[in-house]
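# Per-entry structural report
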Number of protein chains: 6
Amino acid sequence: MKKQIEKVTTLCEALPYIKKFYGKTVVIKYGGSAMSETELKKSFARDIVLMKYVGMNPVIVHGGGPQIGHHLGKLGKETNFIDGIRVTDDETMEIVEMVLVGKVNKEIVGLINHFGGNAVGLCGKDGKLIKAARLKLRGKDVGHVGRVESVNTSVIESLGKSNFIPVIAPVGGGEDGKTYNINADTVAGEIASAIGAEKLILLTDVEGVLGKNKKLLSSLTLKEARSLIRTKVADGGMVPKLKCCIDTVKAGVGSAHIIDGRVEHSVLLEVFTDAGVGTIITDA
Amino acid sequence: MKKQIEKVTTLCEALPYIKKFYGKTVVIKYGGSAMSETELKKSFARDIVLMKYVGMNPVIVHGGGPQIGHHLGKLGKETNFIDGIRVTDDETMEIVEMVLVGKVNKEIVGLINHFGGNAVGLCGKDGKLIKAARLKLRGKDVGHVGRVESVNTSVIESLGKSNFIPVIAPVGGGEDGKTYNINADTVAGEIASAIGAEKLILLTDVEGVLGKNKKLLSSLTLKEARSLIRTKVADGGMVPKLKCCIDTVKAGVGSAHIIDGRVEHSVLLEVFTDAGVGTIITDA
Amino acid sequence: MKKQIEKVTTLCEALPYIKKFYGKTVVIKYGGSAMSETELKKSFARDIVLMKYVGMNPVIVHGGGPQIGHHLGKLGKETNFIDGIRVTDDETMEIVEMVLVGKVNKEIVGLINHFGGNAVGLCGKDGKLIKAARLKLRGKDVGHVGRVESVNTSVIESLGKSNFIPVIAPVGGGEDGKTYNINADTVAGEIASAIGAEKLILLTDVEGVLGKNKKLLSSLTLKEARSLIRTKVADGGMVPKLKCCIDTVKAGVGSAHIIDGRVEHSVLLEVFTDAGVGTIITDA
Amino acid sequence: MKKQIEKVTTLCEALPYIKKFYGKTVVIKYGGSAMSETELKKSFARDIVLMKYVGMNPVIVHGGGPQIGHHLGKLGKETNFIDGIRVTDDETMEIVEMVLVGKVNKEIVGLINHFGGNAVGLCGKDGKLIKAARLKLRGKDVGHVGRVESVNTSVIESLGKSNFIPVIAPVGGGEDGKTYNINADTVAGEIASAIGAEKLILLTDVEGVLGKNKKLLSSLTLKEARSLIRTKVADGGMVPKLKCCIDTVKAGVGSAHIIDGRVEHSVLLEVFTDAGVGTIITDA
Amino acid sequence: MKKQIEKVTTLCEALPYIKKFYGKTVVIKYGGSAMSETELKKSFARDIVLMKYVGMNPVIVHGGGPQIGHHLGKLGKETNFIDGIRVTDDETMEIVEMVLVGKVNKEIVGLINHFGGNAVGLCGKDGKLIKAARLKLRGKDVGHVGRVESVNTSVIESLGKSNFIPVIAPVGGGEDGKTYNINADTVAGEIASAIGAEKLILLTDVEGVLGKNKKLLSSLTLKEARSLIRTKVADGGMVPKLKCCIDTVKAGVGSAHIIDGRVEHSVLLEVFTDAGVGTIITDA
Amino acid sequence: MKKQIEKVTTLCEALPYIKKFYGKTVVIKYGGSAMSETELKKSFARDIVLMKYVGMNPVIVHGGGPQIGHHLGKLGKETNFIDGIRVTDDETMEIVEMVLVGKVNKEIVGLINHFGGNAVGLCGKDGKLIKAARLKLRGKDVGHVGRVESVNTSVIESLGKSNFIPVIAPVGGGEDGKTYNINADTVAGEIASAIGAEKLILLTDVEGVLGKNKKLLSSLTLKEARSLIRTKVADGGMVPKLKCCIDTVKAGVGSAHIIDGRVEHSVLLEVFTDAGVGTIITDA
């Protein structure tokens, strides 16, 4: 019995967080280890379903780099990267879309539904969610790599009214009739801005944003975040993530979080405890 | 961090219960120690607010015997009891109504609101919630002691649409223009039946329903419950409580619970863990 | 038959007034003789029900000074007044709340319901209607005497959608967890302002506002009302009532009325005839 | 002042009737003196507007025999009657429709609007309200005289949602593309049945239904009404009126009234006083 | 089969127009040959029904000069015209109203309903749609000839919610209790402005607006339209029509069209093909 | 101009069909040549968008056999067929899902959106649309080949409220957590039954159902359809299609159509002309 009492006490301790975020929308970029290791996948799905049941509106945007690589490999298709961006010819784009939309997305939908949620998978073409345009990369042609030109949130809102959980693959259609692969962090940030989300959470495979001494910075103002980029304390893949967070917070989203997806229940930890598992960026 | 992970794990363990009772109404008879001891009062209020936030619709019906006794004492007013029922003359009824509606009810409303809920206190006269009639007690006149003649749930439904938590004092008006004090268990049961609740929970100051060997019976069918009364294994105050539960379940409420209100978070324990803290009565 | 025709002719004469106030909200401070004499009580309840049926939305705020005095007397509890304000210690506040919320309020609810309305009693704690704060009285501590810090009208609106008539006791909870007794005129004025009422009507035991020659002033502009205070033509209890009316009209309420509650059907007379029974204050 | 108090007392006396018929629909056949004498016309319009404001839903169906006769006369067009029914050739029908729809109907609409209502005129063609068919009269051809084949109440319901008062001319279109003049009592009865009205009121130029001794019968059961026809105590124009009332009550309308439209405010008198001004027919 | 394929191809060609005007309101002034010749009448009714079914909201305002003349003639009533305006004494106005409201309007309603629409006829008195005032004509009294003082679109909106097609006769009531005949073009323009229509279409018996060389001008800017009037290239009846179009476009209606109602399906041709059958006036 | 008039005349000829199917749902199984030839693809997309704009609710279910074969071929993966059913091992199922959901489905969504519709792609996992179970094929294991166990239409209804066009890939999730490929005709039929569609249309690469003499049978009753199967006049792939149609019509869908998808605009031809392009099966 004592153990049971501890449990419900724990439930009650979550109440202030539940109240705080009741009815709020949280856009989560899902990827990395959290999307590849079995236990983390399950704990993520449970987290999302719980968030929904305690009154939040989670919106998932997923990546899928490794899965794409795996399938391209199977087909003996080689890929070149320019500045970390996959050069995406027509045939590659076809594979990318099939893997993201037809495999990764459906796995996530299936997992969330298995744990009691009711998810619906979307890509940027569905309901004209994302209008994409060709990304210009300093003169180099990287093919079907796109940027978000505009977001039309009506399909998300329509599904939201019936309490479905949207799971979004970062693929969009262009005015030119072509399909574009878009960076998932960017898509998550743009959608968070467009629907006026409370939070943007980026799941990563690092501890969070690190300072000069390689120690975790648990919170950053916009100014501090910009300074980390300018002073090159932040480097590599962290730079675009920080930029995405800065843009999203500037667009009015309450906070952006770069968290450690390798920790079980990382999303819940970040939202429902004071501890947190990464870095929060806010406009203050 | 490990502790934090344990915490969110606990949250996730509650998910199946949250899903099961999402959108369901639970009528709770509140009284006894849970309503007099400071810590229990707080844990009760937190439980109610949490239930509301995770999607249930709690409806509180409270008693107030000790508080009534206390105020009558202050006024030097003596009370007679016949068969455990307070003989209630006009002056006593005035005190009873003031204490239940003007003091006990408002304390509960205040406490729930303090912990983040949004409660509205009602008595049976408000919105014509309860039509009362004089209780006939084998020829003896016990004054303003009533029974529920009918329940009009429109005020509960109206408040429910705006997510208020109704807190109800067991006082009703009669066709004769008089005010009646009604047994709070009965009021809770009748309201649960009238609004088609999922559960009726009676908070008591005992472990639950005990069997022949004085051991707790954690579950009972209607048949078993009736047998306990017939064979006089159940006696004293437990008999009307069992009868109330039987009637309520027969009227279509999913289950009735007689639980130990002396345990902290007893309501959550009963609803959100397998352990339970008392006896559940179901039609099966 | 001739008498019957006269009657329906009278009904038709009310039509212009009914049209004028159709769908409008009127906040009425109820107290004094209108709340103590049997016939006046009945005529008041009938007036309110009629107003509701012909399309107006009456909101009642009641006082209860004499009833409080009566109960304190019974308990042998003496009261001191400073500047006409009852010094309210903890024990007194407990009595005040019980009398206002548990007795006076329920009597009014019962009476309105008896005459065919559907009233719901509230105090400032219900649905967090009134946030109170301790009244500062030039350095003197008068205990649990409060002022209105803010009004949250959601419970009134929620009940209004289902056509309930709200009856409000002037008791509110503070941030400090304490309960405060607030002047009922003030509560009525603040609620009228907060819900954007068409009229505020204060029932009094005087003819209305009197001029220099002690003659009734049937209408006042804000400027004239202020002048009466400044020149001390208005004195005693009339001063705070005038100030309350001025503040309410300044906050956008169409008109404030100080009327003679000793006249039967005073509310209907003021609203539905040209004669009127007191003083109307408007911003013009 | 005394007179004013009498007036509001009268208002209050109407309360039980207002409550009884709140939200109910009353279909009124308007015609005869009430539609031709100036004072009666005004009192009728006022009655209708008042009924609307105190929560009833009046639906007017009007006749127009004299007005038709007048216009035919002007054109030098003679009319034959067979069994009291106007033989209606094509040219006559054209005049009938113009007078009923383009003159009588608009006068009533204008009058109601003048007194503060918001009326919309309709004929049976509008919104396909009435599907008419040629009346078969024992082998004789009476031309464009129709009966009601079916009623489609959607236009009435649509206007009702916005609180318009429908005023209906008894002209309908047939499957054959022709226009038919229909008896207004019949149209009123059929519409009352189709929309599930509470009352059907037929305004006439007689006292009501008279018994053997030529004395007014103030109430009749269906059985008594049928007996009056069978025994020929009722004769002439009263027979079809009684039949219409019997059919309407049998179809579920609460009561049918044959009243004396020559009395000012006859409709209000019948609905809002105990006296009544004619005969009520009910199923009991 | 080939013919069938051509047909559905034609349907598909209409798609861009259907999309463009989906959900938009079009006010059509109906009159002239389109309202007198049998085949044109049918094609007009079909056009309106089709427009409704493909998602537009047509609102019809009709004239009726010839029909009025015909009936006045029958009655031997002579008419004088001043500046092309019929001098309308009381008796004439009575005939005008009967013909427009009781004959022409109902014929149109019947025709639209026959072809599968669901029309409701209205005049300016219904639902207080048009408040009229006496037209002042340079000192000359032309009697019951009115102008539009204000438009209350609530009855149109109410009917629109239930997908009825409003058909409006250009007759309105004045504050003075009198009835006024108003120019139908003007009524159409004022209603288009008041409801924020997408288009105003005036059906005429000419090709459209002609230029200096008597050639059709298929499109005009406001400036060009004004110039045509100033330079007297436009003259006679075209001047008030142009002025009406200019005012309507200035009031925010997307475009005004003066089209040739003598062409079958002229309305559809103008809305659903590039060809058009007249002149379009826009603010550009 | 003459050509234009012919065009709008054609539009008007479609009116009876538009009226007949206004607001009705049509489930279309899309596949074969209509899904592989460029012009047919475009004409199909246009047809669907037009249907939507003229008030119908099209729901698309697509196949994708050739596309699956093409991708398996690329990967050097061989397929065995048993009784025409593809033996689907785990790896094959992965490819099948990716091709159907991630390629074919998105192409259709993109095409419909390009022509002005607003489509959303779904598979059976989204919103728990289709619960699948392993198909039992007379003892032979064909792997991930499923049947429809139940259909949950809530996601279709939710999208329908916002006027999205659902495009559904015939892949479903089983209770066993596995993914199943299901025959697209079957999925279309089951969805048509579950949402109470008006029509089921199967696009094929044959003329329709042929009789003994190999002549097209343009309409069949259920009895005739069963007879064709029993007498083996229908054989090969036509048998399951006929069975699917029979089951769907028996489940209450108004009619089932087996049409020739090789004809341009075949869907519109079947729905909007009398000619039709195949066989209609109805319960009569």
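Since the model is a prediction, treat every value here as computed from it, not as a measurement.

## Comments concerning the overall build of chain A
- For chain A, the count of helices and strands is 10 helices and 14 strands.
- Taken over the C-alpha trace, chain A has a radius of gyration of 19 Å; the compact-globule value for 284 residues is 19 Å, and the two agree within 12%.
- Referenced to the eigenvectors of the C-alpha coordinate spread, the extents of chain A come out at roughly 60 × 45 × 35 Å.
- Looking at chain A as a whole, 55% of its 284 residues qualify as buried.
- Counting only contacts in chain A whose residues sit at least 6 apart along the sequence, the fraction spanning at least 24 positions is 71%.

## Details of the sheet that holds strand 6 (residues 130–134) of chain C
Residue and element names in this part refer to chain C.
- Read around the closed barrel, four strands run 6-7-10-9, paired in mixed fashion. In this sheet, adjacent strand axes meet at a mean angle of 60° when their direction is disregarded.
- Pairing geometry for strand 9 (residues 171–174) and strand 10 (residues 179–182), over three bridges, is antiparallel. Residue pairing across strands places V171 opposite N181, the latter belonging to strand 10.
- Strands in contact with helix 7 (residues 184–195) are strand 6, strand 7 (145–151) and strand 10; relative to strand 7, the strand with the most contacts, it is inclined by about 5°.

## Regarding the interface of chain F and chain A
- Listed by partner, the interface residues are 32 residues for chain F and 31 residues for chain A.
- Secondary structure elements with two or more residues in the side of chain F that touches chain A: helix 5 (90–114), strand 5 (119–123) and helix 6 (154–161) of chain F.
- Examining the composition of the side of chain F that touches chain A, we find that 13 residues originate from one element, helix 5 of chain F, more than from any other.
- Broken down by class, the residue content of the side of chain F that touches chain A amounts to 11 nonpolar, 12 polar and nine charged.

## Quick word on the environment of B:H144
Residues and elements named next belong to chain B.
- Inspection of the secondary structure assignment puts H144 in the loop between strand 6 (130–134) and strand 7 (145–151).
- Between the alpha carbons of H144 and T179 there is a distance of 6.6 Å; along the sequence they are 35 residues apart.
- Setting aside chain neighbours within four positions, we find H144 in contact with T88, M93, K178, T179, Y180 and N181.

## Observations concerning the interface of chain D and chain E
- Counting residues at the interface gives 31 residues for chain D, matched by 31 residues for chain E.
- In terms of residue count, the dominant contributor to the side of chain D that touches chain E is helix 5 (residues 90–114) of chain D (12 residues).
- The residue inventory of the side of chain D that touches chain E, partitioned by class, reads 10 nonpolar, 12 polar and nine charged.

## Description of the relation of the copies chain D and chain E
- Its rotation angle being 180°, the transformation that places chain D on chain E also includes 0.0 Å of axial translation and leaves an RMSD of 0.1 Å. On this basis, the relationship between the two copies can be described by a two-fold rotation axis. Measuring from the rotation axis to each C-alpha of chain D, the shortest distance belongs to D:G102, at 2.0 Å.
- Comparing interface residues between copies, 100% of those in chain D also sit at the interface in chain E, which points to an isologous, same-surface contact.

## What to know about the environment of C:L202
All names here are of chain C.
- Mapped onto the fold, L202 is located in strand 11 (residues 199–204).
- Residues L202 and H62, spaced 140 residues apart in sequence, show a C-alpha to C-alpha distance of 10.0 Å.
- Those residues within four positions of L202 in sequence are excluded, and the remaining contacts are K29, D185, A188, K241, H257 and I258.

## A look at the relation of the copies chain F and chain A
- Placing chain F over chain A gives an RMSD of 0.0 Å and needs a rotation angle of 180°, together with 0.0 Å of translation along the axis.
- Interface residue correspondence from chain F to chain A reaches 97%, placing this contact among same-surface, isologous pairings.

## Side note on unusual backbone geometry
- Positive phi values are uncommon outside glycine, yet B:K128 reaches one of about 55°.
- The topology assignment puts B:K128 in the loop between strand 5 (119–123) and strand 6.
- Classification of B:K128 by C-beta neighbours within 10 Å gives buried; the count is 22.
- Here the phi dihedral of C:N163 falls at roughly 65°; this positive angle occurs in a residue that is not glycine.
- We classify C:N163 as partly exposed; it has 13 C-beta atoms within 10 Å.

## Describing the nonpolar core
- Core analysis: the largest hydrophobic core is formed by 564 residues, its most contacted members being A:I112, B:I112, C:I112, D:I112, E:I112 and F:I112.
- Here this core spans two domains, since at least three of its residues come from each of domain 1 (57–196) and domain 2 (198–284) of chain F.
- For D:I112, the residues in contact, after removing those within four places along its chain, are D:A45, D:I48, D:V49, D:G117, D:A119, D:I165 and D:V167.

Scoring rules and cut-offs
Residues numbered from 1 in each chain as written. Chains lettered and ligands numbered in written order. Predicted model: local features only at pLDDT ≥ 70, side-chain atom pairs only at ≥ 80, totals over all residues. Helix = DSSP H or I, 4+ residues; strand = E, 2+ residues; numbered from the N terminus. Rg over C-alpha atoms; globule rule 2.2 N^0.38 Å. Buried ≥ 20, exposed ≤ 12 C-beta atoms within 10 Å, placed from the backbone. Contact = placed C-beta atoms within 7 Å. Pairing = 2+ DSSP bridges. Axes fitted to C-alpha atoms, helices over the stretch in contact; angles between N-to-C directions. Nonpolar A, V, L, I, M, F, W, Y, C, P; charged D, E, K, R; others polar. Least-squares fit on C-alpha atoms with pLDDT ≥ 70 in both. Core = buried A, V, L, I, M, F, W, Y, C linked by C-beta atoms within 7 Å. Domains from an automatic or database assignment.

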